[in-house]
Amino acid sequence: MPGLLGRKIGMTSVFSADGKNVPCTVIEAGPCVVTQIKTVEKDGYEAVQLGFQDMKEKHVTKPLMGHFSKAGVTPKRHLAEFREFDSELNLGDTVTVELFNDAAFVDVIGTSKGKGFQGVVKRHGFGGVGETTHGQHNRARKPGSIGACSYPAKVFKGMRMGGQLGGDRVTTQNLRVLKVIPEHNLLLIKGSVPGYKGSIVLIEK
């Protein structure tokens, strides 16, 4: 799907036409520059590679520097591929937030906040044991039994247990576009999107 790279600014709220206070996320979407055009003949599929946010040449590896020089653009910090653009794009073209002028809904892809090692109550929504009776003083948030002891004498794969939570690639679908502000490259989307303030997200039509 066609889309843009962007940076999550944070959350705010706006008033709708009927006077309701609507929570929304502000995203700096683009401008992105076309750094590569992929074709079926050469790459096996059609796609457009976009670059977002400038970076200093001294921080760019030589292979990547050659990649950007071939496209005739300045080095970019973030790259991503998108498909099925309506218009024909060439190397060096700029794609702005105006891409979403006619979009009512978008999908946003980001990396969720990492929360470290968490127990089963927070990670999987276990309810705990409820009443702390019979001398139970430190078992309220334990998972309980994780398998049989005689047969099979093992714990099955996929058993929900404590572990690393967050830091995953998350796609939030069908978020309503509230407003496009092209003069500041801003996109206002209803609700929340994955990631922390300043994180890079992909916005797709």
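Right, let's walk through the structure included here.

A look at helix α2 (residues 62-71)
Along α2, the residues classified as buried are Met 65, Phe 68 and Ala 71. Buried residues of α2, seen end-on, are gathered within an arc of 125° and therefore sit on one face of the element. Exposed and oriented more than 90 degrees from the buried face of α2 are Lys 62, Pro 63 and Lys 70. Elements in contact with the buried residues of α2: β3 (32-38) and β5 (76-82).

Let's talk about the pattern of salt bridges
Counted according to the given criterion, the structure contains four salt bridges. A salt bridge links Lys 38 to Glu 81, with the shortest nitrogen-to-oxygen separation between them at 2.8 Å. Taken together, the positions of Lys 38 in strand β3 and Glu 81 in strand β5 put the pair 43 residues apart, joining distant regions of the chain. Using a relative accessible area of 32% as the deciding quantity, one classes Glu 81 as partly exposed. As a salt-bridge pair, Asp 102 and Lys 205 come within 3.2 Å of each other at their nearest N and O atoms. Of this pair, Asp 102 sits in the loop between β6 (94-95) and β7 (105-111) while Lys 205 sits in the segment after β12 (200-204); the two residues are 103 residues apart in sequence, bridging distant segments of the chain. Asp 102 gets classed as exposed once you look at its relative accessible area, which sits at 63%.

Section: the sheet that holds strand β4 (residues 47-54)
Through backbone hydrogen bonds, the strands of a sheet pair up, either in parallel or in antiparallel fashion. Across the sheet, which stays open at both edges, the four strands sit in the order β5-β4-β3-β6 with antiparallel pairing between neighbours. Bordering the open sheet on either side are β5 and β6, each of which pairs with just one other strand. Pairing analysis gives two bridges linking β3 to β6, with the strands arranged antiparallel. Bridge pairing in β6 places Val 33 opposite Thr 94. Here α2 sits on the sheet and contacts β3, β4 and β5; the angle it forms with β3, its principal contact strand, is near 95°.

Let's talk about the pairing of β4
Counting buried positions along β4 yields six of eight residues, so the element is predominantly enclosed. Relative to β4, β3 runs antiparallel, the two being bridged by five bridges. Its bridge partner lying in β4, Val 33 is registered against Gly 51.

The rules we used
Residues numbered from 1 in each chain as written. Predicted model: local features only at pLDDT ≥ 70, side-chain atom pairs only at ≥ 80, totals over all residues. Heavy atoms only, no water. Buried < 20%, exposed > 50% of the residue type's maximum accessible area, 1.4 Å probe, protein only. Helix = DSSP H or I, 4+ residues; strand = E, 2+ residues; numbered from the N terminus. Arc of directions from axis to C-beta. Contact = heavy atoms within 4.5 Å. Salt bridge = Lys/Arg side-chain N within 4 Å of Asp/Glu carboxyl O. Pairing = 2+ DSSP bridges. Axes fitted to C-alpha atoms, helices over the stretch in contact; angles between N-to-C directions.

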